[in-house]
Amino acid sequence: GDSVTQMEGPVTLSEEAFLTINCTYTATGYPSLFWYVQYPGEGLQLLLKATKADDKGSNKGFEATYRKETTSFHLEKGSVQVSDSAVYFCALKRRDSNYQLIWGAGTKLIIKP
Amino acid sequence: SAVISQKPSRDICQRGTSLTIQCQVDSQVTMMFWYRQQPGQSLTLIATANQGSEATYESGFVIDKFPISRPNLTFSTLTVSNMSPEDSSIYLCSVESLAEGGEQYFGPGTRLTVT
């Protein structure tokens, strides 16, 4: 069945460091891919998305590129801030699915000043 | 994107009681979704609520434990019945966007603690 695998956390970085959170997926066809962020004590917010191969989603300095050949959608940011500390979830939605999102386990990111 | 509110934002409840969580959307939507997020875990879909029909429950969730109402296109409730400490979780409602990709937008969540 469809699945999403994220790198385990927590990931701890210093402010201004480069961030990569790995996400790989298994799905038939060409799913849409998403990154969501959950700040402490809050609900989930859509961070970025990509709907077809080679698309790059970007928002708030974060980027992720839909790589069909490696079935990956890694999240990157060039210089993280303390305010980026949160839990990040990778998710996919198949085009032939009417609603089902498949979620990764989430990766907790801790940024130290 | 849709603006979604939930009530209550948090509650502490006694074992054996029930809590009803409300979800309000600022626009009409066909499908609303209820998720559970246990501490430190990812999201688990409880059920999908369509207006005018019974909710569709995922494996492991039953109507007697999690009854859902969907009286109109902007509102839904989820009741957590006969609660036990294992029901302590964040409960989230969401709606699907009409944008390409079909992402979902989430409410702020209801943080439930059962003692």
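Anything mentioned here points back to the structure above.
This write-up is about the structure you can find in this document. (Residues numbered from 1 in each chain as written. Chains lettered and ligands numbered in written order. Predicted model: local features only at pLDDT ≥ 70, side-chain atom pairs only at ≥ 80, totals over all residues. Heavy atoms only, no water.)

**Some details on the pattern of salt bridges**
For clarity, the cut-off: For this document, the term salt bridge refers to a Lys or Arg side-chain nitrogen within 4 Å of an Asp or Glu carboxyl oxygen. Summary of the burial criterion: residues with accessible area below 20% of their type's maximum are buried, those above 50% are exposed, and those between are partly exposed, where the area comes from a 1.4 Å probe applied to protein chains only. Only runs of H or I of at least four residues qualify as helices and only runs of E of at least two qualify as strands under DSSP, and these elements are numbered from the N terminus.
If you walk through the whole model with that rule in mind, you get 7 salt bridges over all chains. For Lys 77 of chain A, the salt bridge identified is with Asp 84 of chain A, shortest N-O distance 2.8 Å. Classification of Lys 77 of chain A as buried rests on a relative accessible area of 10%. With a closest N to O distance of 2.6 Å, Asp 87 of chain B and Lys 65 of chain B form a salt bridge. Of the two residues, Asp 87 of chain B sits in the loop between strand 8 (75-80) and strand 9 (89-96) while Lys 65 of chain B sits in the loop between strand 6 (56-57) and strand 7 (68-72), which places them 22 residues apart along the sequence. Accessibility assignment for this pair places Asp 87 of chain B and Lys 65 of chain B in one class, buried.

**Quick notes on the sheet that holds strand 7 (residues 56-59) of chain A**
Residue and element names in this part refer to chain A. Note the following rule: What makes two strands pair is DSSP finding at least two bridges between them. Axis definition: a line fitted to C-alpha atoms, over the contacting stretch in the case of helices. Angles run 0 to 180 degrees between N-to-C directions.
In spatial order, the strands read 3-9-8-7; together these 4 strands make up an open sheet with antiparallel pairing. Strands at the two margins of the open sheet, each flanked by one partner only, are strand 3 (19-21) and strand 7. Strand after strand, the sheet turns through a mean of 20° between neighbouring axes, direction not considered. Here strand 8 (residues 62-65) pairs with strand 9 (residues 75-77) via 3 bridges, running antiparallel. Bridge pairing in strand 9 links Glu 63 to Glu 76.

**Examining the sheet that holds strand 1 (residues 4-7) of chain B**
Residue and element names in this part refer to chain B. If you trace the 4 strands from one edge of the open sheet to the other, you get 1-3-8-7, paired in antiparallel fashion. Among the strands making up the open sheet, the edge pair consists of strand 1 and strand 7. In this sheet, neighbouring strand axes are inclined to one another by 15° on average, regardless of whether the strands run parallel or antiparallel. Summarising the sheet, strand 3 (residues 19-25) and strand 8 pair through 6 bridges and their orientation is antiparallel. Bridge pairing in strand 8 places Leu 19 opposite Val 80.

**Considerations on the interface of chain B and chain A**
Spelled out, the test is: By definition in these notes, contact holds between two residues if any of their heavy atoms fall within 4.5 Å. Note on terms: buried area is the combined drop in 1.4 Å-probe accessible area of two parts once they are placed together, counting the loss on both.
Residue-level contacts link 23 residues of chain B with 20 residues of chain A. Buried surface at the junction of chain B and chain A, both sides included, amounts to about 1700 Å², of which 51% is carbon and sulfur. Linking chain B with chain A are 2 salt bridges, by the criterion used here. In this structure, the salt-bridge partner of Lys 49 of chain A is Glu 103 of chain B, at a minimum N-O distance of 3.0 Å.

**Considering the packing of aromatic side chains**
The test is simple: Two rings from Phe, Tyr or Trp (for Trp, the six-membered ring) form a pair when their centres are within 6.5 Å of each other. A pair whose planes differ by under 30 degrees is stacked, one over 60 is edge-to-face, and the rest are tilted.
Summed over all chains, the structure comprises 10 aromatic pairs over all chains. Ring geometry for Trp 103 of chain A against Tyr 35 of chain B: centres 6.2 Å apart, planes inclined by 85°, an arrangement best described as edge-to-face. A residue pair is termed interchain when its members come from two chains, as with Trp 103 of chain A in strand 11 (residues 101-103) and Tyr 35 of chain B in strand 4 (residues 31-37). Side by side, Trp 103 of chain A and Tyr 35 of chain B carry an identical accessibility label, which is buried. Geometrically, the ring pair formed by Trp 103 of chain A and Phe 106 of chain B is edge-to-face, given 5.8 Å between the ring centres and 70° between the ring planes. Of this pair, Trp 103 of chain A sits in strand 11 while Phe 106 of chain B sits in strand 10 (residues 104-106), placing the two residues on different chains.

**So, the pairing of strand 3 of chain B**
Residue and element names in this part refer to chain B. Going residue by residue along strand 3, you find Leu 19, Ile 21, Cys 23 and Val 25 tucked away on one face and Thr 20, Gln 22 and Gln 24 left uncovered on the opposite face. Where strand 1 lies against strand 3, 4 bridges are found, and the strand directions are antiparallel. Residue pairing across strands places Ile 4 opposite Val 25, the latter belonging to strand 3.

**Regarding the environment of Gln 41 of chain B**
Its location among the elements puts Gln 41 of chain B in the loop between strand 4 and strand 5 (43-50). As for Gln 41 of chain B and Ser 76 of chain B, which are separated by 35 residues in sequence, their C-alpha atoms are 24 Å apart. Ignoring sequence-local partners within four residues, the contact set of Gln 41 of chain B consists of Phe 89 and Ala 105 of chain A.

**Structural notes on the pairing of strand 9 of chain B**
All names here are of chain B. The buried fraction of strand 9 amounts to 7 of the 8 residues, a majority that puts the element mostly inside the structure. Pairing between strand 4 and strand 9: 6 bridges, direction antiparallel. Counterpart to Tyr 35 in the pairing with strand 9 is Leu 92. Here strand 9 pairs with strand 11 (residues 110-114) via 3 bridges, running antiparallel. If you follow Ile 90 over to strand 11, its bridge partner there is Arg 111. Note: strand 9 against strand 10, 3 bridges, orientation antiparallel. Paired with Val 95 across the two strands is Tyr 105, which belongs to strand 10.

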